[in-house]
Amino acid sequence: MDSESTSIRPLNPHSDIELTTLEQQRSDISLSSEQPGASVNVQELPPVDEGRKAWIFCLSGLLLETMVWGFGFSYGIFQAYYTSHPPFDKASHIAVAAVGPTALAIEYGAGIFLAFVYGRYPDHMKKSMWFGLVLNSMSLILSSFVNQVWLLIALQGVGLGIAGSLLYWPVIFLVSEWFVQRKGLASGIIFAGSGIGAGFIFPLIVNALMDSLGHRWTLRILAAIQAVFGGIALVGVCPRIPPIKYRRGQRRPQFIPPRLQFFSRKVFWTFATTTFLQAMSYFPVSLYIAVFTATISSPLSATIVLSMFNSSGVVGQILIGYLSDRFPYPWIMFGSTMGSAIAAFLLWGFADTLARVFAFAIIFGGLSGGFSSVTFAAATDAANPNPEQAGMAASAATLGKGIAAVMGPIISGVLLEAGKSVSSGPYVLQF
């Protein structure tokens, strides 16, 4: 093992422990005389927080984030087309609307399961990502041939959800190997991919292809595009610390680690509850802000507002990630949630002009959209004194986000229907 990690002095007092623990854990397993069948890789490790390989990993993660979440959050474009064009225009609108949230819920919820899988089978992580890329493209291609909603849910919902999980979560689990002092900044850059994809790339591509070619060829072309760019991204996503090579019959770690102490810590449950409540407010706004804007202005203005909302999220992800490397994360969480609440109360609550909606989209999109960039700081604190379990803590907390992705829009839809019978005024959305 090189001496590189001992020269690092991160600002987070737990980060150097986390890196050392990861390296020592794998070194102990590889060199242990109790496991003579394990192969030993003696090589110099690339530096953390800097260097070509670290930033290639970060940019590759950004590209995968754009593919997985950018496409997932753009399902509203498909939903509008499916409900107004054959063969799904006669189908239940509720069933069609379930396709996108199904994929998102799986992608958010699969993290804790994959954390256990990769803990037992770390040498199969990269293979699973390639399988996820193949499944992603095949799900899109097969979706282009179906005429029944249940098949659409199975392919563009469940299939894409599983594929996205296999592409996304390994990046999250490997961030801690490549970044210590700049972990917040790196995660903010990676998370910004969702805003880039949902705010710019996929709306432009999908709308143009839908108008000229219809949904079937749109799905096939997107499958090819994602296969190419996903393959490029996977080349750059690799562990900094070589995974242990297990031989056939060799004992592996338990599927579920015997001591998951973060489940008994109050800081974890506070972090998980805050993440759930924040997601319950974020997802309905991201879904309805364009619809609301169209009621007081033009469809073009609605598109502009949605782009501003997602663009602000990109800036917020990077900025909040940068700040989480330098300041205590609870204060950043408090500022993000309090600022978002004030913006919703004073700007959207009284929004009767386009200027107020623009202001709300920028402030709420930046503060609430950037909230997830504190995930690594909070998860590391929750996992202490076992920082190697920070990835598991983050994935467990994110499970609630998947539930909120489904519950939030449903509850908002119920409130929206109830609001139709109320006279107009502040806090009443008339559709």
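Residues numbered from 1 in each chain as written. Predicted model: local features only at pLDDT ≥ 70, side-chain atom pairs only at ≥ 80, totals over all residues. Heavy atoms only, no water.

For the protein chain, the name recorded in an unreviewed UniProt entry is Major facilitator superfamily (MFS) profile domain-containing protein, with Somion occarium as its organism. The heading Sequence similarities (unreviewed entry) in the UniProt record of the protein chain holds the text "Belongs to the major facilitator superfamily. Monocarboxylate porter (TC 2.A.1.13) family." (UniProt positions renumbered as here; feature names shortened; annotations may be inferred.)

Attention now goes to the overall build of the protein chain. Helix and strand counts for the protein chain come out as 15 helices and zero strands. Sorting the 431 residues of the protein chain into buried and exposed places 52% on the buried side. Sequence-distant contacts in the protein chain: of pairs separated by 6 or more residues, those separated by 24 or more amount to 83%. Counting every atom, the protein chain has about 19400 Å² of accessible surface; 67% of that belongs to carbon and sulfur. (Helix = DSSP H or I, 4+ residues; strand = E, 2+ residues; numbered from the N terminus. Buried < 20%, exposed > 50% of the residue type's maximum accessible area, 1.4 Å probe, protein only. Contact = heavy atoms within 4.5 Å. Areas by Shrake-Rupley, 256 points an atom, 1.4 Å probe, with all protein chains shown as cover.)

In this structure, the amide linkage connecting Pro 86 to the following residue, Pro 87, adopts the cis form with an omega of 10°. On the secondary structure map, Pro 87 appears in the loop between helix H3 (75-82) and helix H4 (93-97). Although it is not a glycine, Asp 49 adopts a positive phi angle of roughly 70°. Structurally, Asp 49 can be placed in the loop between helix H1 (15-31) and helix H2 (52-72). Asp 49 sits in the buried class, given a relative accessible area of 5%.

Another aspect to go through is empty space enclosed by the protein. Counting across every chain of the model gives one cavity of 30 Å³ or more. Empty space within the largest cavity amounts to approximately 150 Å³. Lining the largest cavity are 16 residues, with Phe 71, Gly 72, Ala 103, Glu 107 and Leu 160 positioned closest to its centre. Going through the elements one at a time, H2, H3, helix H5 (99-109) and helix H8 (149-178) are the ones with two or more residues in the lining of the largest cavity. When grouped by side-chain class, the residues that make up the lining of the largest cavity number nine nonpolar, six polar and one charged. (1 Å grid on protein atoms, 1.4 Å probe; cavity = no way out; pocket = protein on both sides within 12 Å on 5 of 7 lines; lining within 4 Å. Points joined across faces, edges and corners; volume = space filled by probe spheres on them. Nonpolar A, V, L, I, M, F, W, Y, C, P; charged D, E, K, R; others polar.)

Before going further, it helps to examine the confidence of the model for the protein chain. Averaged over the protein chain, the pLDDT score is 83; the fraction of residues at 70 or greater is 86%. In the predicted structure, residues 24-41 sits below a pLDDT of 50 and forms 27 contacts with residues beyond four places in sequence or in another chain. (pLDDT = per-residue confidence, 0-100.)

Secondary-structure assignment places Glu 65 in helix H2. Buried charge Glu 65 goes without a salt bridge, the closest partner of opposite sign being Lys 401 at 8.1 Å. Residues within four places of Glu 65 in sequence aside, it is in contact with Gly 70, Tyr 168, Ile 190, Phe 191, Gly 193 and Ser 194. (Lys, Arg positive; Asp, Glu negative; His and termini not counted. Salt bridge = Lys/Arg side-chain N within 4 Å of Asp/Glu carboxyl O.)

The next thing to look at is the nonpolar core. Judged by nonpolar contacts, the single largest core of 79 residues is most densely connected at Phe 57, Leu 64, Phe 268 and Phe 360. The contact partners of Phe 57, leaving out residues within four places of it in the chain, are Val 171, Leu 174, Val 175, Trp 178, Phe 179, Gly 236, Val 237 and Cys 238. Formed by 21 residues, the second largest nonpolar core is a distinct cluster that contains Ile 77, Phe 78, Tyr 81 and Val 99. (Core = buried A, V, L, I, M, F, W, Y, C linked by side-chain atoms within 4.5 Å.)

Another aspect to go through is the packing of aromatic side chains. Taken as a whole and judged by the stated rule, the model has 31 aromatic pairs. For the pair Tyr 282 and Phe 309, a centre-to-centre distance of 5.6 Å together with 25° between the ring planes defines the contact as stacked. Residue Tyr 282 is found in helix H10 (residues 266-296), and its partner Phe 309 is found in helix H11 (residues 299-324); the two are separated by 27 residues along the sequence. Judged on exposure class, the residue Tyr 282 and its partner Phe 309 are both buried. Its end group placed over the ring of Phe 145, Arg 220 keeps NZ or CZ at 4.4 Å from the ring centre. We note Arg 220 situated over the ring of Trp 217; from NZ or CZ to the ring centre the distance is 4.8 Å. (Phe/Tyr/Trp six-rings, centres within 6.5 Å; stacked < 30°, edge-to-face > 60°. Lys NZ or Arg CZ within 6 Å of the ring centre and 35° of its normal.)

Moving on to the packing of H10 against helix H13 (residues 354-369). Packing of H10 against H13 brings their axes to within 11 Å, and their N-to-C directions diverge by 160°. In this view, H10 runs roughly antiparallel relative to H13, as classed from their interaxial angle. Between H10 and H13 the crossing geometry is left-handed. Of H13, the residues touching H10 (which contributes Gln 278, Ser 281, Tyr 282, Val 285, Ile 289, Phe 292, Thr 293 and Ile 296) are Leu 354, Val 357, Phe 360, Ala 361, Phe 364, Ser 368 and Gly 369. (Axes fitted to C-alpha atoms, helices over the stretch in contact; angles between N-to-C directions. Parallel < 35°, antiparallel > 145°, perpendicular 65-115°, else oblique. Left-handed = near helix turned anticlockwise from the far one by under 90°.)

The end-to-end C-alpha separation of helix H12 (residues 329-348) is 27 Å, in line with the 28 Å expected for 20 residues at 1.5 Å each. Within the span of H12, buried status applies to Tyr 329, Ile 332, Met 333, Ser 336, Gly 339, Ser 340, Ala 343, Leu 347 and Trp 348. All buried residues of H12 fall inside an arc of 140° around its axis, so they share one side. Summarising the geometry of H12, the exposed residues directed more than 90 degrees from the buried face are Trp 331 and Phe 345. Elements in contact with the buried residues of H12: H10, H11, H13 and helix H14 (375-383). (Expected span 1.5 Å × (residues − 1). Arc of directions from axis to C-beta.)

This paragraph deals with a nonpolar patch on the surface. Nonpolar side chains collect at one region of the surface, where Trp 331, Phe 334, Met 338, Ile 342, Phe 345, Leu 346 and Phe 350 lie side by side and expose about 760 Å² of accessible area between them. Assignment of secondary structure puts Met 338 in helix H12. A residue is classified by how much of its surface remains accessible, and Met 338, at 38% relative accessible area, is partly exposed. (Patch = residues over 30% accessible without salt bridge, like charges linked within 9 Å, V, L, I, M, F, W, Y side chains within 5 Å.)

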